[in-house]
Amino acid sequence: MTTFRMPADEAEARAVQDALRPRVVLDESGPPPGTGRVTGVDVAYDDERDVVVAAAVVLDAATLDVVAESTARGRVTFPYVPGLLAFREIPTVLAALEALPVDPGLVVCDGYGRAHPRRFGLASHLGVLTGLPVIGVAKNPFTFRYEQPGPLRGDFTPLLDGDEEVGRALRTQDGTKPVFVSVGHRTGLDDACAHTLALARGFRQPETTRRADALCRAALRDAVA
């Protein structure tokens, strides 16, 4: 794992993203969907106390049973800046991943990978630092444009920055709003979408995200109680 160093300001943070972006691996398809382990990571904040809690939940990709889980608590040490949210989250997410007793397999972030103004969102940053295959599955499209996909589960349209496809708007359940899938590291976009569908069996969001969100919220309540 590459050591993470907190940048001093926004300019240095952008320079870090630019320096690490060439290390993103885009020519691997990643593990086959529905096999091995898959881990969801998410964070919750208490802004009044500058507390952030991260959760990592490992699922069996075939059954979606929980294999292992961990949490980590940290301090918010970087301001809220669109496009630089990874610097608020990554130190605590890394601590949660390191606390897991098993290999996490594929990691799913509630955020962006290539679907980022500098093509280096949280999913890409986390992948480069850990060497793990990572995808981003976000609830919103950030600043990019897309056409509404068809109404059925599995329908998708490209998420576009100009003419460049940076991700996909993917319908995970019939008639629900799409999620926005992008490659983070060591995966391909087709497989990233297949993983998302395999994990979103009964809800709009992947089960990895749902479990990690619930765990980090509960851990935050305990931390500030």
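As shown above, the structure is provided for reference.
Residues numbered from 1 in each chain as written. Predicted model: local features only at pLDDT ≥ 70, side-chain atom pairs only at ≥ 80, totals over all residues. Heavy atoms only, no water.

Q: Where do I start with the overall build of the chain in this structure?
A: Looking only at helices and strands, one finds five helices and eight strands in the chain. In sequence order, the chain lays out its α and β elements as α-β-β-β-α-β-α-β-β-β-β-α-α. Its C-alpha atoms give the chain a radius of gyration of 16 Å, within 12% of the compact-globule value 17 Å for 225 residues. Overall, the chain is about 45 × 40 × 30 Å in size when its C-alpha atoms are taken along their principal axes. For the chain, the residues scored as buried account for 52% of the 225 residues in total. Restricting the contact set of the chain to residue pairs at least 6 apart, pairs at least 24 apart contribute 66%. Summed over its atoms, the accessible surface of the chain is roughly 9,800 Å², and 50% of this surface lies on carbon and sulfur atoms. (Helix = DSSP H or I, 4+ residues; strand = E, 2+ residues; numbered from the N terminus. Rg over C-alpha atoms; globule rule 2.2 N^0.38 Å. Buried < 20%, exposed > 50% of the residue type's maximum accessible area, 1.4 Å probe, protein only. Contact = heavy atoms within 4.5 Å. Areas by Shrake-Rupley, 256 points an atom, 1.4 Å probe, with all protein chains shown as cover.)

Q: Whenever I open this one, the sheet that holds strand β7 (residues 164-170) confuses me. Can you help?
A: Read across the open sheet, the eight strands follow the order β3-β2-β1-β4-β5-β8-β7-β6; overall the sheet is mixed. The sheet is open, and its two edges are formed by β3 (66-75) and β6 (156-161), each paired on a single side. Taken pair by pair, the neighbouring strands of this sheet meet at an average axis angle of 25°, ignoring direction. Most of the contacts of helix α4 (residues 189-199) go to β7, to which it runs at about 15°, and overall it touches β1 (37-46), β4 (106-109), β5 (134-138), β7 and β8 (179-185). (Pairing = 2+ DSSP bridges. Axes fitted to C-alpha atoms, helices over the stretch in contact; angles between N-to-C directions.)

Q: Would you take a moment to explain helix α2 (residues 86-98) for this structure?
A: Three- or four-residue spacings in an α-helix give side chains the same orientation, since the helix completes a turn every 3.6 residues. For α2, spanning 13 residues, the distance from its first C-alpha to its last is 17 Å, which sits close to the expected 18 Å at 1.5 Å a residue. Most of α2 sits out of view: ten of its 13 residues are buried. Residues of α2 that are buried include every one of Ala86, Phe87, Arg88, Glu89, Ile90, Thr92, Val93, Leu94, Ala96 and Leu97, and no others. Elements in contact with the buried residues of α2: α1 (10-20), β1, β2 (51-60), β3 and α3 (122-130). (Expected span 1.5 Å × (residues − 1).)

Q: Looking at this model, I keep getting lost on empty space enclosed by the protein. Mind explaining?
A: The method is simple in principle: a probe with the dimensions of a water molecule rolls over the atoms, and the space it marks as empty is what remains. Overall, the coordinates contain one cavity of 30 Å³ or more when judged by the stated rule. If you add up the space inside the largest cavity, you get close to 40 Å³. Around the largest cavity, the lining residues are Gly34, Thr35, Val38, Ala61, His195, Ala198 and Leu199. Per element, the largest residue contribution to the lining of the largest cavity is three residues, and it comes from α4. By residue class, the composition of the lining of the largest cavity is four nonpolar, three polar and no charged. (1 Å grid on protein atoms, 1.4 Å probe; cavity = no way out; pocket = protein on both sides within 12 Å on 5 of 7 lines; lining within 4 Å. Points joined across faces, edges and corners; volume = space filled by probe spheres on them. Nonpolar A, V, L, I, M, F, W, Y, C, P; charged D, E, K, R; others polar.)

Q: What is the right way to read the state of the cysteines from this model?
A: Simply put, disulfide is the name for a covalent bond between the sulfur atoms of two cysteines. A complete count under the given rule lists zero disulfides for this structure. As a non-bridged cysteine, Cys109 has Cys216 as the owner of its nearest cysteine sulfur, 12 Å distant. Among the residues examined, Cys216 registers a relative accessible area of 0% and is labelled buried. (Disulfide = S-S within 2.5 Å.)

Q: Got a minute to help me understand the packing of aromatic side chains in this structure?
A: All chains considered together, the criterion is met by five aromatic pairs. Both rings, one in Tyr112 and one in Phe142, keep their centres 5.1 Å apart while their planes meet at 25°; by these two values the pair is stacked. Placement of Tyr112 in the loop between β4 and α3 and of Phe142 in the loop between β5 and β6 is noted, with a sequence separation of 30 residues between them. Looking at Phe142, the relative accessible area reads 30%, which means it is partly exposed. (Phe/Tyr/Trp six-rings, centres within 6.5 Å; stacked < 30°, edge-to-face > 60°.)

Q: Looking at this structure, how should I read unusual backbone geometry?
A: Both trends apply: most residues other than glycine have a negative phi, and most peptide bonds are in trans. For Arg119, which is not glycine, the phi torsion reads 60° and is therefore positive. Topologically, Arg119 is positioned in the loop between β4 and α3. Judged by its relative accessible area of 10%, Arg119 falls in the buried class. The phi dihedral of Arg186 falls on the positive side, at around 60°, and the residue is not glycine. Mapping Arg186 onto the fold places it in the loop between β8 and α4.

Q: Is there a simple way to explain the nonpolar core in this structure?
A: Nonpolar side chains in soluble globular proteins tend to end up buried together. Val41, Ile90, Val93, Leu97, Val107, Cys109 and Leu126 are the most contacted members of the largest nonpolar core, which totals 34 residues. At the level of elements, α1, β1, β2, β3, α2, β4 and α3 are the ones that each hand at least two residues to this core. Sorting elements by how many residues they give to this core places α2 first, with seven residues. (Core = buried A, V, L, I, M, F, W, Y, C linked by side-chain atoms within 4.5 Å.)

Fair warning: the whole summary comes from geometry, so function is off the table for now.
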